[in-house]
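Structure at a glance
Read off the chains here:
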Amino acid sequence: MQLQWYPGHMTKAKRQMQEDIKLIDVVIELLDARVPAASRNPDIDELGKNKARLVLMNKADLADERRTREWMEYLKKKGCLTVPLDARNRGGMKQVTAVIMEACREKIERDRKRGIKNRPVRAMVAGIPNVGKSTFINSYAGKACTRTGNKPGVTKGKQWIRLNKNVELLDTPGILWPKFEDPDVGLHLAMIGSIREEILNLDELSTALIRFLCDQYPGVLTERYAVSAEDGEPAALLGQIAQRRGCILKGNEPDYGKASSLLLDDFRSGRLGRITLEQPAGGDD
Ligand code: G4P
């Protein structure tokens, strides 16, 4: 899914989040592990204040494991509980429940002191478009869950998914919007394919990716496309990729557009390997 954001969308999404968040105990925030900064909207800190919080580093299967560890360390220092995840894989979901319970420890303890026992914690999933919210809800809910209808008083118009005796999940995720003020946000989200490419033209996007790969993941382009040297101009390297992959126009000119699409597609689907575009502030290189 590719979305374009307009102020109207954002206002509506924010209002909906503000309403829904009143009903829940814990916010499960999904980030894309390849772009943890660009896929995060810091407004969630304000929206989710006074709630238990945890962060799922989703699409970790596509991200560089070393970078994911660095990001988790960084977020931990900021007081966030984190779990790396492939939301398509149901096997990882047990761990999520354990971390939700950990995030809600204080609340459960408070309930216990008031004599309230075994009240499930209520959770909602939040994140920008395409981070994997629906995939996560489907995997987490699995087949065994029961969807509970409207509970009078509390959940008017809302569907809750009873995951197990401990957790209930709001079945509509909270939609956050990307923070485009930093130009890298648009660039990185376009690279992973989460926003429309028209924000940048395709060749600009692919040459920016080539520049990044040569700098941070040397050898990747040579291995995949047998380009001759990675220290050349990105446009020349794109030309070489076009030659190697037969992206040729009439008159034997390289078809840069086709080569750009091919490169971006290879990157997005993980065929270039596990790559993360961002590192936490204070990273080593
Ligand atoms: P959203 O609700 O947050 O908008 O995201 P959604 O679940 O629709 O997921 C967006 C895309 O990301 C989907 O692919 C989904 O399969 C994929 N995805 C979600 N989580 C993961 C993950 O952990 N790892 C990987 N590799 N992919 C993930 P799609 O191409 O839009 O659809 P499809 O190919 O699954 O049909």
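Please read all numbers here as calculations on a predicted model, not as lab measurements.

A few words on the domain arrangement of the protein chain. The domains assigned to the protein chain are domain 1 (8-171) and domain 2 (201-269). With centres defined by C-alpha atoms, the gap from domain 1 to domain 2 works out at 38 Å. Of the residues lining the interface, four residues belong to domain 1; the matching set on domain 2 comes to four residues. Contact between domain 1 and domain 2 buries roughly 280 Å² in total, counting both sides, with carbon and sulfur atoms accounting for 36%. Interface area lost by domain 1 to domain 2 is led by Arg 34, Leu 62 and Asp 64, which between them contribute 79%. Inspection of the region where domain 1 meets domain 2 yields two residue pairs in polar contact (both at pLDDT 80 or more). In terms of residue class, the side of domain 1 that touches domain 2 is built from one nonpolar, no polar and three charged.

This part takes up the side chain of Arg 67. Looking at the element boundaries, Arg 67 is found in helix α3 (residues 65-77). Overall, the relative accessible area of 4% leaves Arg 67 in the buried class. A distance of 2.8 Å separates polar atoms of two side chains, one belonging to Arg 67 and the other to Glu 70.

Attention shifts here to the pattern of salt bridges. Inspection of the entire model under this criterion finds 22 salt bridges. When the shortest N-O distance is used, the salt bridge between Lys 49 and Glu 46 registers 2.8 Å. Where Glu 70 meets Arg 67, a salt bridge forms, and the shortest distance between an N and an O atom there is 2.8 Å. With Glu 70 and Arg 67 both in helix α3, this residue pair falls three residues apart, about one helical turn. Across the pair, Arg 67 and Glu 70 agree in class, each one buried. Within this structure, Asp 25, Lys 107, Asp 111 and Arg 119 form a network of salt bridges that share partners.

Cut-offs used in this document
- Residues numbered from 1 in each chain as written.
- Predicted model: local features only at pLDDT ≥ 70, side-chain atom pairs only at ≥ 80, totals over all residues.
- Heavy atoms only, no water.
- Domains from an automatic or database assignment.
- Contact = heavy atoms within 4.5 Å.
- Buried area = accessible area lost by both parts, 1.4 Å probe.
- Polar contact = N/O pair within 3.5 Å; in protein donor to acceptor, adjacent residues only side chain to side chain.
- Nonpolar A, V, L, I, M, F, W, Y, C, P; charged D, E, K, R; others polar.
- Helix = DSSP H or I, 4+ residues; strand = E, 2+ residues; numbered from the N terminus.
- Buried < 20%, exposed > 50% of the residue type's maximum accessible area, 1.4 Å probe, protein only.
- Salt bridge = Lys/Arg side-chain N within 4 Å of Asp/Glu carboxyl O.

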